[in-house]
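# Observations on chain architecture
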Amino acid sequence: MAAATPTLPAIQSLPSLSAEQRAGVLDLLFEPCTALHTLSVELLQNTTFSSYEDLIASVGAQLTGLSESSSTSDTRWLESILGAHPRLGAKKVDSAQSQAEQAQLNKGGEDEARALKELNEEYEKTYPGLRYVVFVNGRSRPVIMEDMKRRIARGDIVAERADAIRAMCEIAADRSRKVDPSIVE
């Protein structure tokens with residue numbers, strides 16, 4: 001029996017949903033993450049959005065606020081949210097959306113797979129607490145690996161956090177369109 005295609009509730013209904021249902025919306029758009037639930041579930045209850053793009057932009061603003069904070073607890077909180085994304089090319093990926101998005105990255109030879117694994121490790125050594133997040137969007141493994149190398153060489157954690165937040169929001173927007181094809185924002 002095939003798994004049911006996930007769906008998003010009407011954007012106007014979010015405030016009336018239970019906290020668990022609002023968390024499920026966040027999980028579908030982003031990645032399952034208790035820290036993101038803590039940060040954003042109340043936002044979904046107290047704000048009426050005109051579109052999922054608006055919701056995603058609001059969550060992005062919350063994440064940017066954490067990244068611009070001088071508080072180490074805010075930094076750790078942000079890192080736990082960014083770290084909810086699976087490593088690129090990982091064998092075990094929990095979310096069905098990430099599995100589908102990364103499917104093309106698992107094609108290719110063992111040498112490329114090993115190189116991607118090594119780049120993930122180098123990235124995480126360069127940016128402790130972060131995980132490389134990128135909107136794959138049909139790009140090949142070699143193109144993604146070049147982007148990883150560029151971002152590692154840059155060595156700028158502030159820019160890296162901003163890139164990761166932007167990528168998370170791009171991924172969420174793409175997921176919203178895929179889950180609900182009537183969304184044409």
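Everything quoted here is computed from the prediction, not taken from an experiment.

Generally speaking, nonpolar side chains in soluble globular proteins are found buried as a group. Counting 51 residues, the largest nonpolar core has Leu14, Leu29, Phe30, Leu55 and Ile81 as the members making the most contacts within it. Of all elements in the fold, only helix H1 (19-29), helix H2 (34-46), helix H3 (52-68), helix H4 (72-82), helix H6 (110-126), helix H7 (141-154) and helix H8 (157-179) reach the threshold of two or more residues within this core. Ignoring any residue separated from it by four or fewer positions in sequence, one finds Leu29 in contact with Leu8, Tyr52, Leu55, Ile56, Ile171, Ala172, Arg175 and Ser176.

With that settled, consider the packing of aromatic side chains. Going through the model one piece at a time under the given rule, you end up with two aromatic pairs. Ring plane angle 75° and centroid distance 5.5 Å describe the contact between Tyr123 and Tyr132, whose orientation is recorded as edge-to-face. Each of the two residues, Tyr123 as well as Tyr132, counts as buried. Among the aromatic residues, those joined into a ring-pair cluster are Tyr123, Tyr127 and Tyr132.

This part is about the pattern of salt bridges. Scanning the model with the defined rule gives 15 salt bridges in all. Between Arg175 and Glu31 there is a salt bridge, with the nearest N and O atoms lying 2.6 Å from each other. Residue Arg175 is found in helix H8, and its partner Glu31 is found in the loop between H1 and H2; the two are separated by 144 residues along the sequence. Residue Glu31 is classed as buried on the basis of its relative accessible area of 4%.

So, how was this worked out
- Residues numbered from 1 in each chain as written.
- Predicted model: local features only at pLDDT ≥ 70, side-chain atom pairs only at ≥ 80, totals over all residues.
- Heavy atoms only, no water.
- Core = buried A, V, L, I, M, F, W, Y, C linked by side-chain atoms within 4.5 Å.
- Buried < 20%, exposed > 50% of the residue type's maximum accessible area, 1.4 Å probe, protein only.
- Helix = DSSP H or I, 4+ residues; strand = E, 2+ residues; numbered from the N terminus.
- Contact = heavy atoms within 4.5 Å.
- Phe/Tyr/Trp six-rings, centres within 6.5 Å; stacked < 30°, edge-to-face > 60°.
- Salt bridge = Lys/Arg side-chain N within 4 Å of Asp/Glu carboxyl O.

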